[in-house]
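Descriptive analysis of the structure
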Amino acid sequence: MPTEEERPVVLIHRIPALKQPLASLSERFTLLDPLLHSADSTHSFLSRHASSVRAILCLGASPLTSDTLSLLPALEIVVGSSAGIDHVDLQECRRRGILVTNAGNAFSEDGADYVVGLLIDVLRRVSSSDRFVRNGLWPEHGAYPLGSTLGGKRVGIVGLGSIGSEVAKRLVPFGCSIAYTSRKKKPCVSYPFYANVSGLAADSDVLIVCCALTEETHHMINKDVMTALGKEGVIINVGRGALIDEKELVHFLVRGKLGGAGLDVFEDEPHVPKELLTLDNVVLSPHVAVVTAESFAALEQVVIGNLEAFFSNKPLLSPVKLE
Amino acid sequence: MESIGVLMACPMNTYLEQELERRFNLFKFWTVSDKTQFLKAQQNNIRAVVGNATAGADAELIDALPKLEIVSSFSVGLDKVDMVKCKEKGVRVTNTPDVLTDDVADLAIGLMLAVLRRLCESDRYVRSGKWKKGDYKLTTKVRFTGKTVGIIGLGRIGMAVAKRAEAFSCPINYYSRTEKPNLKYKYYPSVVELASNCHILVVACPLTEETRHIINREVIDALGPKGVLINIGRGPHVDERELVSALVEGRLGGAGLDVFENEPHVPEELFGLENVVLMPHVGSGTVETRKTMADLVLGNLEAHFLNKPLLTPVV
């Protein structure tokens, strides 16, 4: 372990609700946390103490704006600790040549597991029939409405990144067929590629949304895509709420123009459109798709790994390409 | 065949009921108030019984129907059919194997994910408005990938569960009456040893006299406070009272249950627990599979009465 003098300085960026980072980080780095110095505002703290800071660790989805970045003239890297990175001003980072890393594969398996869980839940009515039983309705009503079989379902994956490819791998033995859309066709992948999401939706029974939120992908699941998917279609979203036109989604679901949905993310969390709260063909989740007791240990490894690689001029573990 | 009397043991499927009505002389047992009287009156008319997991053909019923030729079950499990009696009397028995294997296995995995990742609790949390208030902490969620899955009964359904769990990098252990050769899964010679060596224990064997309460106090203790029980078999596979007290006292980590000892009654102590998922016996409950099962029941009956080979005979 480096001695106190040898430990490189890392600035912690977090919203007050998020706890301090893990203890193992302070063994290796000198952590500067503005929120622990309540006498100063963050702005003045940074102006006075952070002029030589080269690395910032952004906890969770704490927004990192160009305002904050402008107070850090020596900044060279933003180390993210979540699957998505849309809360960081990537344009500003690109402009200044600041490197950015994300959680890499730390959350891929947990995210993929959750997608499959949501899909089975929607198709086989797991949560809604659990409600039925818990409300004491089984003796009274007898059978619960039948679900729909997974086998033979055509699954379209929107974004075949680390989470998307783990989803595909898991769904194959269930008898699902896999196709995908992505910014570019992946050369080593045998699943059929669709250049646009509408085309994919037209040939799918299920759409799994697990891509990054960018300017291009905002509201990419829109009215046309939902129409193409059809009234038996199911959408699973573990990406970001804004990937889907939420008002249209609600409209489609309420009118029976879509078969069902499993949603872990929403446009205005923690607010969920109230029309969804009474539907039995949707499964709702409070943005926890990658939260498991084990995932934090994996994340710690990635964060420490990226910071150590940066400070020793080695290749980063999970750099984000800033196009 | 409209004159052939068929007795349907209980409501099970509208399409099946309609087709039986169309093709045979259907008697709906559940609509009869005096069953003894009814059987006495119709004993020479009824040549077939259609049953399921809830009600089938026990010794008493078989004895009351001297003209009974075939029992066609709308299920793969035959614990509600007195097989010994059927063999004795030369009554044919058919079930619905294979066609429901995938749906049941899918649900087993769905239950594992729902329990470990707290899907139902999360859904309740959002629906109740608690997420907006933000002051309630959800219970701990556990990763599913890589967890060891122990399967009791490596038949069609057990193997289908194993195949799916493998895609999640789950090591597979199993218990079976005899060890299966050439399998990459690890065999344990007793259920207790299996329970001590897995994180998630799945019941996927038939219900017989030997397997009744195969999940007892000893097995539950071996599975332990982090262990999860998944029952996609039959309610009587599990000593339900022991299970309930273990869950309430925290001696068992969680459970995903599709079946119960006294369906449709489910122990109410379970209703307030976040680490259980409760389903109303829907392992094969999809539109697609129930239709296929119904067609298989009809196909078996037709084959029998046309003197053709049965499609899926057991006896």
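Scroll up to find the structure.
Residues numbered from 1 in each chain as written. Chains lettered and ligands numbered in written order. Predicted model: local features only at pLDDT ≥ 70, side-chain atom pairs only at ≥ 80, totals over all residues. Heavy atoms only, no water.

1. Comments concerning the interface of chain A and chain B
Tallying the contact residues gives 58 residues for chain A and 55 residues for chain B. For the pair chain A and chain B, the interface holds six salt bridges. Its salt-bridge partner being Asp103(B), residue Arg124(A) comes within 3.8 Å of it at the nearest N-O pair. Scanning the region where chain A abuts chain B turns up 26 residue pairs in polar contact (both at pLDDT 80 or more). Partitioning the side of chain A that touches chain B into residue classes produces 30 nonpolar, 14 polar and 14 charged. (Contact = heavy atoms within 4.5 Å. Salt bridge = Lys/Arg side-chain N within 4 Å of Asp/Glu carboxyl O. Polar contact = N/O pair within 3.5 Å; in protein donor to acceptor, adjacent residues only side chain to side chain. Nonpolar A, V, L, I, M, F, W, Y, C, P; charged D, E, K, R; others polar.)

2. Some thoughts on the packing of aromatic side chains
Overall, the coordinates contain 11 aromatic pairs over all chains when judged by the stated rule. Put simply, the rings of Phe29(A), Phe310(A) and Phe311(A) touch in pairs and so form one group of aromatic residues. Above the ring of Phe252(A), the side-chain terminus of Lys257(A) is found at 4.5 Å from the ring centroid. We note Lys35(B) situated over the ring of Phe29(B); from NZ or CZ to the ring centre the distance is 5.3 Å. (Phe/Tyr/Trp six-rings, centres within 6.5 Å; stacked < 30°, edge-to-face > 60°. Lys NZ or Arg CZ within 6 Å of the ring centre and 35° of its normal.)

3. A short note on the side chain of Ser62(A)
Of note, Ser62(A) is situated in the loop between β3 (55-58) and α3 (66-70). Of the polar contacts made by the side chain of Ser62(A), one reaches the backbone oxygen of Leu59(A); its length is 2.7 Å. (Helix = DSSP H or I, 4+ residues; strand = E, 2+ residues; numbered from the N terminus.)

4. Details of the pairing of strand β2 (residues 25-28) of chain B
All names here are of chain B. With four bridges connecting them, strand β1 (residues 5-8) and β2 associate as parallel partners. Each bridged residue has a counterpart across the sheet, and for Val6 the counterpart in β2 is Leu26. Crossover β1 to β2 through helix α1 (residues 14-23) is right-handed. (Pairing = 2+ DSSP bridges. Right-handed = clockwise from strand over helix to strand, strands pointing away.)

5. Observations regarding the environment of Tyr175(B)
All names here are of chain B. Mapping Tyr175 onto the fold places it in strand β7 (residues 172-175). Residues Tyr175 and Asp79, 96 residues apart in the sequence, show an inter-C-alpha distance of 20 Å. Ignoring sequence-local partners within four residues, the contact set of Tyr175 consists of Ile151, Ile152, Gly153, Leu154, Tyr188, Pro189, Ser190, Val191, Leu194 and Ile214.

6. Some remarks on the sheet that holds β3(A)
All names here are of chain A. A sheet is described by the order of its strands in space; here five strands give the open sequence β2-β1-β3-β4-β5, paired in parallel fashion. Every interior strand has two partners, whereas the edge strands, β2 (30-32) and β5 (99-101), have only one. Sheet twist, expressed as the mean angle between neighbouring strand axes with direction ignored, is 25°. As paired elements, strand β1 (residues 9-13) and β3 share four bridges and run parallel to each other. Its bridge partner being in β3, His13 is matched across the sheet by Cys58. Sitting on the sheet, helix α12 (residues 295-311) touches β1, β3, β4 (77-80) and β5, and the angle it makes with β4 is about 165°. (Axes fitted to C-alpha atoms, helices over the stretch in contact; angles between N-to-C directions.)

7. Brief notes about the pattern of salt bridges
Tallied over the full model, the rule gives 38 salt bridges over all chains. Shared partners join several salt bridges into a network, and the residues in it are Arg217(B), Asp221(B), Glu242(B), Glu249(B) and Arg251(B).

8. Overview of the pairing of strand β11 (residues 254-257) of chain B
Two faces make up the sheet, and in a regular strand the side chains alternate between them. Residues and elements named next belong to chain B. Of the two faces of β11, both are covered, the one formed by Gly254 and Gly256 as well as the one formed by Ala255 and Leu257. Alignment of strand β10 (residues 228-231) against β11, held across four bridges, turns out to be parallel. Bridge pairing in β11 links Leu229 to Ala255. Between the parallel elements β10 and β11, the chain passes through helix α11 (residues 240-248) in a crossover that is right-handed. For β11 and strand β12 (residues 276-278), the ladder comprises three bridges, and the chain directions are parallel. (Buried < 20%, exposed > 50% of the residue type's maximum accessible area, 1.4 Å probe, protein only.)

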